[in-house]
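# Summary of the model geometry
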Amino acid sequence: MARYKVILEYDGTDLIGWQENRQGPSVQSLIKDAIEKFCGARPDVIAAGRTDSGVHAVAMAAHFDIDGEHSAETVTRALNFYLKNKPVAVLNCEIVSDDFNARFNCIARHYKYIVLNRSAMPVLNKNRVCWVPRKLDVDAMRAAAEKMVGNHDFTSFRASECQAKSPIKTLDKIEITQNGDEIVFEFSARSFLHHMVRNIVGTLIEVGLGKPYDIDAVFAAKNRSAAGPTAPASGLYFMRADY
């Protein structure tokens, strides 16, 4: 028995998210299908984060155990062979110690959110950005974002179905950059609440459109209705996990 750590890239547009269930294809189910075709086993595959339907990943870390003495290169080639024509690819694979856990050993997670801010709808980047046709005030969004960095009770920014034991999180970074029509939000934290990034972005977009939000009051309200709407999944990317 060996434990393997893989780095996955995927397009979440037509997937139900990371978690396997009966509602449709998921990242987890596609990886498990590929492993089963490779070696006849269907082990659990644990990821650094459980992305939602429509969310993409540039470098998602995950681990699984399989019998036999397969090299990391063999596992990479085999899984990618069985993942052909699927929206998931294995970028890297390595054999790790039996106590490695992609979820619990992770010390930081990084996300990116892309907004296309122009009057014309996206064509080439459809399903990969959030389209906002009205001009956004980037400086106003940056000022509001600065107040969100640090240790806070993020109840106003968590989904109602969030299962985290505590709403208190430490947000290490929100960086907002603009390159032409694209506005990119970068987030870093040890962990995030369900929909936390998308709810923050949705609120910042409202700020950028001129809606007056008192961020301190939003935190103090501890009520989801106090913050802005949930931004679409299409603009969100899991970038990497640190160990």
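This is a predicted model, so every value here is computed, not measured. (Residues numbered from 1 in each chain as written. Predicted model: local features only at pLDDT ≥ 70, side-chain atom pairs only at ≥ 80, totals over all residues. Heavy atoms only, no water.)

### Some words on a nonpolar patch on the surface
A cluster of nonpolar side chains, contributed by M121, V123, L124 and W131, occupies part of the molecular surface with about 490 Å² of accessible area. Tracing the backbone through its elements, the reader meets V123 in the loop between β5 (108-116) and β6 (130-131). (Patch = residues over 30% accessible without salt bridge, like charges linked within 9 Å, V, L, I, M, F, W, Y side chains within 5 Å. Areas by Shrake-Rupley, 256 points an atom, 1.4 Å probe, with all protein chains shown as cover. Salt bridge = Lys/Arg side-chain N within 4 Å of Asp/Glu carboxyl O. Helix = DSSP H or I, 4+ residues; strand = E, 2+ residues; numbered from the N terminus.)

### Comments concerning helix α2 (residues 72-82)
Note on helix geometry: an α-helix contains 3.6 residues per turn, so any two residues three or four positions apart are oriented the same way. All of the buried residues in α2 are A72, V75, T76, A78 and L79. Packed against the buried residues of α2 are β1 (2-10), α1 (27-39), β3 (56-66) and β4 (88-96). (Buried < 20%, exposed > 50% of the residue type's maximum accessible area, 1.4 Å probe, protein only. Contact = heavy atoms within 4.5 Å.)

### Thoughts on the nonpolar core
Counting residues in each nonpolar core, the largest one holds 72 residues, and the members touching the most others are L8, L171, F185, F187 and I200. The residues contacting F185, other than those within four sequence positions of it, are Y111, K112, Y113, V115, M141, E175, I176, V201 and L204. Counting five residues, the second-largest nonpolar core is a separate cluster that includes I114, L116, V184 and Y237. (Core = buried A, V, L, I, M, F, W, Y, C linked by side-chain atoms within 4.5 Å.)

### Thoughts on the packing of helix α3 (residues 138-146) against helix α4 (residues 196-208)
Remark: α3 packs on α4, axes separated minimally by 8 Å, with the N-to-C direction vectors making an angle of 135 degrees. In terms of axis orientation, α3 runs oblique to α4. Considering only the axes of α3 and α4, their crossing is right-handed. Contact with α3, carried on its side by A140, M141, A144 and A145, involves L204, I205, V207 and G208 of α4 and no other residues of that element. Across the contact of α3 with α4, the residue classes break down as seven nonpolar, one polar and no charged. (Axes fitted to C-alpha atoms, helices over the stretch in contact; angles between N-to-C directions. Parallel < 35°, antiparallel > 145°, perpendicular 65-115°, else oblique. Left-handed = near helix turned anticlockwise from the far one by under 90°. Nonpolar A, V, L, I, M, F, W, Y, C, P; charged D, E, K, R; others polar.)

### Structural notes on the side chain of D153
Summarising the element assignment, D153 is placed in strand β7 (residues 150-153). At 2.5 Å, the side chain of D153 forms a polar contact with the side chain of T155. Not counting the four nearest positions on each side in its chain, D153 is found in contact with P167, I168, F219 and K222. (Polar contact = N/O pair within 3.5 Å; in protein donor to acceptor, adjacent residues only side chain to side chain.)

### Here's the deal with α3
For α3, the full list of buried residues reads V138, M141, A144 and A145. Across the axial projection of α3, the buried residues extend over an arc of 125 degrees, all falling on one side. For α3, exposure combined with an orientation more than 90 degrees from the buried face picks out D139 and E146. Check the buried side of α3 and you find it contacts β8 (168-179), β9 (182-189), α4 and α5 (215-221). (Arc of directions from axis to C-beta.)

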